[in-house]
Amino acid sequence: MTSIRVVLDDNYPPYVFRDANGQVQGILRDYWKLWEQRTGIAVDFAAMDWNKAQAMMANGEADVIDTLFETEERKKLFDFSAAYARIEVAIYFHQSIGGITDAESLKGFAVAAKDGDACIEYLRARGVKDFRLYPSYEAEIKAAGQHEVRILCVDRPPAEYFFAREGTAEEFRRSPPLYAGEFHRAVRKGNSELLRIVEDGFARITPEEREEIDQRWFGERLHYGAWQRAARYGGYLALFALLAFSALVVWNWSLRRRVGARTEELSLTLNSLRETEARFRKLFEQANDAIYILRGTTVLDCNQCAETLQGLPRERIVGQTPASASPPVQPNGRSSEELMHEVVTNAQSGQPVLFDWRYLRPDGSFVDAEVSLSLLDIGGETCLQAIVRDITERKLAEAEIERLAYFDTLTQLPNRRLLQDRLRQALAASKRRHAMGALLFIDLDNFKTLNDTRGHDVGDCLLKEVGHRLRKCVRAEDFIARLGGDEFVVLLEDLRQLPHEAAFDAEMVAQKIVESLRQPFLLDAYEHHSSASVGLYLFSGAPEESSEEILKRADAAMYQAKTSGRNTLCFFDPAMQQSLETRAALEAELRRALPQRQFFLAFQAKVDSERRVVGAEALLRWQHPERGLITPGQFIPVAEECGLIVAIGNWVLESACVQLREWNSLPGWENFRLAVNVSGRQFRQPDFVAAVCNIVRNSGVDARQLTLELTESSVLDNVADSIEKMHALKTLGIVFSMDDFGTGYSSLSYLKRLPLDELKIDQSFVRDISSDAGDATIVRTIIAMGQNLGLTAVAEGVESESQLEFLKRYGCTLFQGYLFGRPQSAADFVEAQRQRE
Ligand SMILES: Nc1nc2c(ncn2[C@@H]2O[C@@H]3COP(=O)(O)O[C@H]4[C@@H](O)[C@H](n5cnc6c(=O)[nH]c(N)nc65)O[C@@H]4COP(=O)(O)O[C@H]3[C@H]2O)c(=O)[nH]1
């Protein structure tokens with residue numbers, strides 16, 4: 001609505017009247033101007049003949065009529081505002097007439113009235129029938145001045161105004177008030193919305209503003225009017241009247257002041273309440289959290305943030321319950337309906353409630369929220385206030401953190417931490433239900449080689465694909481985890497109850513896994529053949545079976561599967577456990593061996609075909625303080641696995657060089673050659689070349705007297721790197737020998753590429769050379785290969801003359817074995833050579 005037309009009498013001073021220029025003025029003019037400012041609705045202020053004003057309202061040409069008294073007749077036509085001014089209506093009569101006191105006393109007289117005035121209805125109802133009607137109060141009072149009429153019914157404010165203006169006030173008397181009417185604004189019957197707008201607008205005009213307007217038009221009261229009247233009567237009465245009046249003035253003044261102060265106070269309070277309410281509404285609307293007001297479980301009101309949170313307009317939230325805008329089941333598994341009633345009941349009992357809640361938006365997305373519910377008193381009614389914070393982002397971050405903490409980022413499989421949890425649960429369940437479960441420990445064979453040769457990206461692809469294949473080999477409820485590197489674990493629960501049946505079930509799955517991982521993988525458009533070793537452990541929740549223990553046992557079984565040729569599966573057995581424990585103890589002791597100088601070197605002679613000693617092989621010995629002499633076969637693999645071999649290997653090389661330098665000073669030992677074993681892990685060290693160079697340089701021996709014995713597996717692990725290292729050391733003059741030749745790959749292709757000097761025929765072939773035709777052929781072939789490639793063949797483990805004869809016959813030129821001497825301490829070795837000479 002942009003404008004309204006307001007009609008009213010234009011001749012009702014001082015409320016509304018026309019000034020000398022014909023302009024409409026008065027209290028109501030000012031009221032409506034303020035109303036216009038407050039509402040922003042333009043007002044067509046149409047002051048006119050009162051009768052016409054009512055006619056315009058009747059035929060719909062005006063929206064609001066002002067200065068209307070409420071009568072029974074009018075109530076049928078209009079809806080009235082609250083009264084805003086009290087107007088007394090009286091009968092004015094010429095001084096020549098007496099006895100006019102009320103309506104009754106008017107009977108038989110012609111009474112002047114304004115056409116359409118409420119007093120006509122009033123007097124008619126009381127038997128007055130003769131009326132002289134005038135278009136306005138002004139015309140009525142003018143007619144009285146000209147003695148056209150002598151009795152008039154007029155509202156007091158305009159009467160006093162016009163009698164004074166016409167100068168006829170002295171000629172007329174006034175009856176006691178007939179009745180007091182009240183000014184209303186009115187709209188056509190049924191137009192309550194307009195009436196509300198009108199009322200709201202006036203409610204925004206403060207009492208002070210009204211007071212200010214009223215005062216402007218009524219003027220300040222002349223309090224000495226009573227004094228003038230009293231003076232006329234003189235004497236004591238005057239004095240009394242003066243005193244009484246003075247007291248009244250003081251009382252009136254103080255009352256006015258008190259009323260003024262109180263009015264001001266109330267107005268301030270009202271304004272402050274309005275401001276506070278506006279402030280709270282603003283806070284409510286602009287809060288960063290969604291806020292709901294609830295009666296029980298029903299939403300009474302909510303703010304803008306709630307609309308955003310739920311993706312719904314307010315009108316679709318109000319009147320509904322939170323459960324109706326949520327999924328049937330909350331993330332904690334509780335029914336939304338049930339949880340809502342529970343938290344509301346708790347909050348209604350007075351305890352503040354904090355809980356998580358999930359909403360479902362109309363677009364199907366979820367919003368996770370943290371809700372704080374507490375009591376709220378609204379105008380005496382106990383409601384609930386819910387402050388709802390959107391924590392969707394936080395929940396996602398928590399889920400992501402959990403995923404990172406419990407899942408392997410490469411394969412998306414659960415990691416070791418989650419596995420530990422699940423193992424604990426599985427063990428407890430197994431014990432409770434007397435059911436058997438199995439833990440399968442899976443390790444890919446030769447994964448490291450793939451990683452080193454084809455790069456980590458390809459290695460990663462293989463691991464991901466392994467994860468997929470494992471998933472296909474087990475039931476949906478079985479648990480798969482990646483422990484790291486190429487190690488995976490499968491947890492099978494609820495196997496059949498008898499141990500042999502459970503073992504059968506687990507073995508079936510393990511076989512399926514071995515078979516599946518044996519199938520070629522297509523990696524980066526390249527077919528890769530892999531295999532896996534699987535260790536199985538069956539558990540029943542026995543007391544000694546902790547999650548760590550069963551994982552260790554499955555690992556041990558896997559290790560067993562690896563050592564028994566890979567690409568296979570192996571069940572854990574207690575003997576295996578024993579060997580594992582022994583191995584663990586050995587490792588602990590091995591760590592102390594070097595600092596406690598428990599190692600020494602033994603030397604075994606190398607001879608030529610004339611049985612002349614041309615050198616020796618340095619062999620490591622461990623003199624254990626309690627266990628006695630421990631051979632390298634028992635501890636070298638352990639040292640290799642735990643990494644101690646690097647330090648031990650360097651110690652061996654240093655000790656061998658020291659020994660060599662010492663022997664060089666002996667007559668006839670100047671060209672003595674010494675061979676030293678180098679383990680795979682030691683050789684793979686990036687600083688292997690630098691370490692050897694340092695040791696040799698520091699010892700001062702001639703590098704050409706030194707032979708390093710490498711094994712096939714350590715060289716083939718990374719052929720290019722091996723070649724580079726060997727070339728670097730060969731520039732110093734170091735000789736390279738391929739140890740245990742024939743037991744590994746023995747491929748001609750790599751033999752040709754490696755800068756080798758010697759091939760050592762493994763003693764396992766030499767042992768049965770005379771009896772086993774196969775071994776004899778192998779030995780002959782190795783010697784021939786060596787000859788073709790310009791390599792010296794050295795036979796080790798020569799124990800008999802027949803073996804020596806055979807070897808010599810087929811071209812072997814160097815020999816080592818018990819036939820020529822067992823490994824001996826340095827002193828014994830020198831002594832033995834002396835005796836030989
Ligand atoms: N039955 C029989 N055996 C004979 C005969 N002649 C020599 N042997 C044994 O054969 C092994 C030869 O050493 P290897 O092949 O390098 O095999 C060595 C070598 O691979 C490793 N090893 C020994 N010392 C070291 C070392 O300092 N560093 C590294 N990395 N490995 C070492 O331990 C293996 C075993 O060494 P040992 O027990 O000393 O065993 C030695 C030696 O005692 C014989 O006629 N008959």
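The structure we're discussing is the one just above.
Residues numbered from 1 in each chain as written. Predicted model: local features only at pLDDT ≥ 70, side-chain atom pairs only at ≥ 80, totals over all residues. Heavy atoms only, no water.

Compared with the 16 Å implied by 1.5 Å per residue over 12 residues, the 16 Å span of helix H8 (residues 207-218) between its first and last C-alpha is a close match. Just downstream of H8, Gly219 is the residue with a positive phi angle, here 80°. (Helix = DSSP H or I, 4+ residues; strand = E, 2+ residues; numbered from the N terminus. Expected span 1.5 Å × (residues − 1).)

This part takes up unusual backbone geometry. Look at the link from Pro13 to Pro14: it is a cis peptide, with omega at -5°. Note on placement: Pro14 falls in the loop between strand E1 (3-9) and strand E2 (17-18). A positive phi angle is found at His147, which is not glycine, with a value near 60°. One can find His147 in the loop between helix H5 (137-145) and strand E10 (151-155). On the basis of relative accessible area, His147 is assigned to the partly exposed category, the value being 41%. The backbone phi angle of Asn446 is positive, close to 55°, even though this residue is not glycine. Within the secondary structure, Asn446 is located in the loop between strand E18 (436-444) and helix H16 (447-454). (Buried < 20%, exposed > 50% of the residue type's maximum accessible area, 1.4 Å probe, protein only.)

Next up on the list: the pairing of strand E15 (residues 353-360). Residues Val353, Phe355, Trp357 and Tyr359 line the buried face of E15, whereas the alternating positions Leu354, Asp356, Arg358 and Leu360 sit on a face that is not buried. Taken together, the eight bridges between E15 and strand E16 (residues 366-378) define a ladder with antiparallel strand orientation. Within E16, the residue paired with Val353 across the bridge is Leu373. Adjacent in sequence and paired antiparallel, E15 and E16 are bridged by five residues, among which Gly364 carries a positive phi angle near 95°. (Pairing = 2+ DSSP bridges.)

A separate point is the site of the ligand. Lining the immediate environment of the ligand, one finds 21 residues, of which Gln604, Glu617, Gln763, Glu799 and Tyr818 sit closest. Glu617 places a polar side-chain atom, nitrogen or oxygen, 2.9 Å from an oxygen atom of the ligand. Side-chain polar atom of Glu799 to a nitrogen atom of the ligand: 2.5 Å apart, as the coordinates give it. About the coverage of the ligand: the protein hides 83% of its 780 Å² of free accessible area. Counting only elements with at least two residues in the shell around the ligand, the list comes to strand E26 (613-624), helix H21 (632-642) and strand E30 (735-741). (Near = heavy atom within 4 Å. Polar contact = N/O pair within 3.5 Å; in protein donor to acceptor, adjacent residues only side chain to side chain. Areas by Shrake-Rupley, 256 points an atom, 1.4 Å probe, with all protein chains shown as cover.)

This part is about the sheet that holds strand E20 (residues 487-495). Here we have five strands laid out as an open sheet, ordered E19-E20-E18-E23-E24, and mixed in their pairing. The open sheet has two edge strands, strand E19 (479-484) and strand E24 (569-571), and neither has a second partner. Across the sheet, the axes of successive neighbouring strands diverge by a mean angle of 20°, strand direction being ignored. Inspection of the sheet shows E19 paired to E20 by five bridges, in the antiparallel sense. Counterpart to Gly484 in the pairing with E20 is Glu487. Contacts from helix H15 (residues 416-433) reach E18, E19, E20 and strand E23 (532-539), with the element oriented near 20° to E20. Across the face of the sheet, helix H19 (residues 547-563) comes into contact with E18, E19, E20, E23 and E24 while running at roughly 140° to E23. (Axes fitted to C-alpha atoms, helices over the stretch in contact; angles between N-to-C directions. Contact = heavy atoms within 4.5 Å.)

Residue placement: Gln23 occurs in the loop between E2 and strand E3 (24-25). When the C-alpha atoms of Gln23 and Asp10 are compared, they prove to be 9.8 Å apart, with 13 residues separating the residues in sequence. When sequence neighbours within four positions are dropped, the list of residues in contact with Gln23 reads Phe17 and Arg18.

This part covers the packing of helix H24 (residues 688-699) against helix H26 (residues 719-730). It is the contact of H24 with H26, at a shortest axis distance of 10 Å, that shows an interaxial angle of 20°. Accordingly, the angle class assigned to the pair H24 and H26 is roughly parallel. By crossing handedness, the relation of H24 to H26 is classed as right-handed. Here Phe688, Val689, Val692 and Cys693 of H24 come into contact with H26, specifically with Lys725, Ala728 and Leu729. Per-class residue counts for the contact of H24 with H26 are six nonpolar, no polar and one charged. (Parallel < 35°, antiparallel > 145°, perpendicular 65-115°, else oblique. Left-handed = near helix turned anticlockwise from the far one by under 90°. Nonpolar A, V, L, I, M, F, W, Y, C, P; charged D, E, K, R; others polar.)

What is shown is where atoms sit, not what they do.
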